[in-house]
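Architecture at a glance
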Amino acid sequence: MITTLDTFVYAASLAEVRDQGALAVTVEGHTLVLFAYGDRVYAVDNRCPHMGFPLDRGTVRDGILTCHWHHARFDLCSGGTFDQWADDVRAFPVELRDDAVWVDLAPRGDHKTHLRQRLRDGLERNIPLVLAKSVIALLDGGEDPAAPFRLGLDFGTHYRAAGWGQGLTILACMVNLLPHLAPDDRARALFHGLSAVASDSDGRPPRFMVQPLPTTETDLPTLKRWFRQFIEVRDAEGAERCIISAVRAGATDRDMAVMLFAAATDHRYIQIGHVLDFTNKAFEALDVAGWDYAEAALTSLARAYADADRMEEANEWRYPVDLVDILQRAFEELPRVLDYGRRRSGGVFDRDALVTTLLGDDPQAIADALLDALREGSTEIELAGAVSYAAALRIARFHTSNEFGDWDTALHTFTFANAVEQGLRRLAEDDANGHADSPLLRGVFDAAMSVYLDRFLNIPPARLPQPDGVSAPPETLLDDLTDLLNQQQRVNEAGALVAKYLYGGGDPDQLLPVMGRLLLREDRDFHTIQTIEAAFRQYTLLRGTPAGAHVLIAAARYLAAHAPTMRAQGQTYQIAWRLSRGERLFEED
């Protein structure tokens, strides 16, 4: 029977299909396979949705079509897959008209909705190829990158009982890197982030959020006080209820930042800086996803605060010099120093002199220098920026005679310092003079003491590359950097090459995408991703200055130390990308 709205087109003769059993045909640009099975004819896309193998080479048995490459199985009638790593194959309605087979090529269903569901499937089952194909197709279809990011954030905050971890941090880093990347690399970055979330949640129990207090009458100052008390005694569940109650009661982004950053700095450099960095990344994630995700994202941090190691308990923070005592005495002075300094606001801030002190070997002098700078009217953000730069210099001057694992020591200080600075910038947004007025200022002092503890990494210090007056075509230098990172441990050479590029007038807007691509071609490495993201963030603040060049030199050195890898993720992504372009992955004999 012919339908009222006839969208069917001629595909083949019925006799030919029955004679062949499986016949591949091209109809108006669509390559289909027609199967004569039983007394019916079925039509499906001839490309296996997994990796593109031609399905006319498959087998039909008991109504199930099996691809002969990876043995994906499909319901011949509907195209539905029995193997979630393969996706459904598109099935086309068929009509038999006399001795002819007609098929309906009209689109069916909402393609973007299907892709979002496939993205969810990939997250639930930790299937990287499904994640890659879904992200590529969504972005190729004009989807805002924030949409797949939200799916990853929602999944990661609900399906990992331990709460916020490396996976969500990588996802947040990747979305922060998007503006610096070439357009072709943005889907790849989201793929890395989403794969990290899937891997971090795989095999883990889900997280069951607590409910807010029965009423919203408890005032915010009380909830903040209770929250810090619960963290002090390591009661994660009580702390989580305070967080969700505060958000439900209408607390703002700034309210919650003050509340959580205060708890993250009540003790010294907790969990070697990770917890404060996670907190900063959670707020940056909400900047992209929207405040609707705040309850799940912020409550996922509670366990990290409660369970974190505290450096008051660590030998290196107590002996041979009691750094905790130095810090506590400095914190007691802070209210008076801040009050005095803010009345002198506008003084000249000598960052270079402060950085020299920060890189020295006298922790009391470091604390005194920070207090003196505040007393002279410097802002919290200026201090935080100086400490972030000093931490970057530890990496830029990291000597390769150190053990390889020591790179992580320098990395932890740098990403912690960057997180402190970004948090202070968030809290100071509404202050015309750039003051944050937050307990987070204690994090600046913690970061400074960690910079001090890392001094052994620069004994002896690697030399910072200097301008040599020799110019080279910038594009050649970028190609050389790509080649250099195909070799192991070309640390000093990578730093020198980036310095030559920048000092020779190379465009940073071409360098950053290349460095981003070099990061993304490697298999996922949490610390390297943290380093590059923090370095790019710092460079945006220091662009066009020698300090900005030093930050990118540090990033290049760290990246070179951690490349090359197996690059299995890149292989998966390349397969997905080629499939999205209609390429064939198999070779004919």
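Please refer to the structure higher up on the page.
These numbers were taken from a predicted model, which means no experiment stands behind them. (Residues numbered from 1 in each chain as written. Predicted model: local features only at pLDDT ≥ 70, side-chain atom pairs only at ≥ 80, totals over all residues. Heavy atoms only, no water.)

1. Details of the overall build of the protein chain
Rule in force here: Counting from the N terminus, the helices are DSSP H or I runs at least four residues long and the strands are E runs at least two residues long. Relative accessibility thresholds used throughout: buried, under 20% of the residue-type maximum; exposed, over 50%; partly exposed, between the two (1.4 Å probe, protein chains only). Throughout, a residue-residue contact means that at least one pair of heavy atoms, one from each residue, lies within 4.5 Å. Only the protein chains shown count as cover for residues, with accessible areas throughout obtained via the Shrake-Rupley method and a probe of 1.4 Å. When charges are counted, neither His nor the chain ends are considered; positive counts come from Lys and Arg and negative counts from Asp and Glu. Just so you know, the charge point we use is NZ for Lys, CZ for Arg, CG for Asp and CD for Glu.
Helix and strand counts for the protein chain stand at 24 helices and 10 strands. Taken along the three principal axes of its C-alpha coordinates, the protein chain extends 95 × 70 × 40 Å. Considering the protein chain as a whole, with its 589 residues, one finds that 55% of them fall into the buried category. For the protein chain, restricting intrachain contacts to residue pairs at least 6 apart in sequence, the fraction spanning at least 24 positions comes to 72%. Of the roughly 25,000 Å² that the protein chain leaves accessible, carbon and sulfur atoms contribute 49%. Each charge class in the protein chain was averaged separately, 59 positive and 86 negative side chains, and the resulting centres sit 1 Å apart.

2. Some points on the nonpolar core
The cut-off we apply is this: Here the nonpolar core consists of buried residues drawn from Ala, Val, Leu, Ile, Met, Phe, Trp, Tyr and Cys, with membership extended through side-chain atoms lying within 4.5 Å.
In terms of nonpolar packing, the biggest core is built from 173 residues, with Phe-227, Leu-298, Trp-317 and Phe-445 touching the most fellow members. Each residue touching Phe-227, except ones within four places of it in the same chain, is listed here: Ala-239, Cys-242, Ile-243, Met-259, Leu-260, Ala-263 and Tyr-305. The next biggest cluster of nonpolar side chains, apart from the first, holds 16 residues, and it includes Leu-32, Leu-34, Val-41 and Val-103.

3. Focus on the pattern of salt bridges
To keep things clear, this is the line we draw: Put simply, a salt bridge is a Lys or Arg side-chain nitrogen that is within 4 Å of an Asp or Glu carboxyl oxygen.
With the rule as written, the count across this model stands at 41 salt bridges. Among the ionic pairs, Asp-509 bridges to Arg-543, the shortest N-O distance being 3.1 Å. Separated by 34 residues along the polypeptide, Asp-509 in helix H21 (residues 508-520) and Arg-543 in the loop between helix H22 (526-542) and helix H23 (546-561) bring together distant segments of the chain. Salt bridges sharing partners connect three or more residues here, namely Asp-87, Arg-118, Arg-120, Asp-121, Glu-124, Arg-125 and Asp-154.

4. A short note on the pairing of strand S2 (residues 22-27)
Just so we agree on the cut-off: Each pair of strands is called paired provided DSSP finds at least two bridges between the two strands.
The alternating pattern of S2 places Leu-23, Val-25 and Val-27 on a buried face and Ala-22, Ala-24 and Thr-26 on a face that is not buried. Two strands pair when backbone bridges link them, and S2 and strand S3 (residues 30-37) are joined in this way by 6 bridges, in the antiparallel orientation. Each bridged residue has a counterpart across the sheet, and for Thr-26 the counterpart in S3 is Thr-31. Two successive antiparallel strands, S2 and S3, enclose a turn made up of 2 residues, where Glu-28 displays a positive phi of approximately 50°.

5. Here's the deal with the packing of aromatic side chains
Two numbers describe a pair of aromatic rings. These are the distance of the centres and the angle of the planes. The criterion, for reference: In this scheme Phe, Tyr and Trp rings, the latter by its six-membered ring, pair at centre separations within 6.5 Å, and the angle between planes marks the pair as stacked below 30 degrees, edge-to-face above 60, and tilted otherwise. Lysine and arginine charges are scored as sitting over a ring when NZ or CZ, respectively, is within 6 Å of the ring centre and within 35 degrees of the ring normal.
Applying the stated criterion across every chain, the model contains 12 aromatic pairs. Among the aromatic residues, those joined into a cluster by ring pairs are Tyr-269, Trp-317 and Phe-416. Between the NZ or CZ atom of Arg-97 and the centre of the ring of Trp-102, over which it lies, the distance is 4.4 Å. Over the aromatic face of Tyr-452 sits the side chain of Arg-455, whose NZ or CZ is 4.2 Å from the ring centroid.

6. Here we look at the sheet that holds S2
Spatial ordering of the open sheet is given by S2-S3-S4-S8, a layout of 4 strands whose pairing is antiparallel. Each edge of the open sheet carries a strand with a single partner, namely S2 and strand S8 (91-92). In this structure, S3 lies alongside strand S4 (residues 40-45), joined through 6 bridges in antiparallel fashion. Paired with Leu-34 across the bridge in S4 is Ala-43.

7. Quick notes on empty space enclosed by the protein
Defined as follows: A pocket, in this scheme, is an open set of points on a 1 Å grid over the protein atoms alone with protein on both sides within 12 Å along at least 5 of 7 lines, while a cavity is a set where a 1.4 Å probe fits but cannot get out; residues line either one if an atom lies within 4 Å of a point. Grid points are joined across faces, edges and corners, and a volume is the space filled by probe spheres set on the points. Under this grouping Gly is polar, as are all residues other than the nonpolar Ala, Val, Leu, Ile, Met, Phe, Trp, Tyr, Cys and Pro and the charged Asp, Glu, Lys and Arg.
Per the counting criterion, the structure on display carries 2 cavities of 30 Å³ or more. Residue lining of the largest cavity: Pro-212, Leu-213, Thr-215, Thr-216, Thr-218, Leu-223, Ser-245, Arg-248 and Ala-249, and that is the complete set. What the second largest cavity holds in volume is close to 30 Å³. What lines the second largest cavity is simply Cys-173, Asp-277, Lys-281, Thr-415, Asn-418, Gln-530, Glu-533 and Ala-534. When residues of the lining of the second largest cavity are traced back to their parent elements, those giving at least two are helix H10 (274-289), helix H17 (406-427) and H22. No other element matches the 3 residues that H22 contributes to the lining of the second largest cavity. Among the residues making up the lining of the second largest cavity, the classes are represented as 2 nonpolar, 3 polar and 3 charged.

8. Concerning the environment of Leu-115
Mapped onto the elements of the fold, Leu-115 is located in helix H2 (residues 111-125). Put simply, Leu-115 and Asp-87 are 28 residues apart on the chain and 10.0 Å apart in space, counted from C-alpha to C-alpha. Ignoring sequence-local partners within four residues, the contact set of Leu-115 consists of Ser-134, Ala-137 and Leu-138.

9. Looking at the sheet that holds strand S10 (residues 100-104)
Rules: Note on definitions: angles span 0 to 180 degrees between N-to-C directions of axes, and those axes are lines fitted to C-alpha atoms, for helices only across the stretch in contact.
Strand order across the open sheet formed by 3 strands is S1-S10-S9, with antiparallel pairing between neighbours. Sheet topology places strand S1 (8-13) and strand S9 (94-97) at the edges, where each strand pairs with a single neighbour. Averaged over all pairs of adjacent strands, the angle between their axes in this sheet comes to 35°, without regard to strand direction. Judged from the 4 bridges that link them, S9 and S10 form a sheet pairing that is antiparallel. Bridging from a neighbouring strand, Val-94 pairs with Val-103 of S10.

10. Concerning helix H20 (residues 491-503)
Rules: One less than the residue count of a helix, multiplied by 1.5 Å, gives the span that helix is expected to have.
Taking 1.5 Å per residue as the helical rise, H20 with its 13 residues ought to reach 18 Å, and the 18 Å between its terminal C-alpha atoms agrees with that figure. Buried within H20 we find Val-491, Ala-494, Gly-495, Leu-497, Val-498, Ala-499, Tyr-501 and Leu-502. Looking at the buried positions of H20, the neighbouring elements they touch are H17, helix H19 (474-484), H21 and H23. Immediately beyond the C-terminal end of H20, within one or two residues, lies Gly-505, with a positive phi of roughly 90°.

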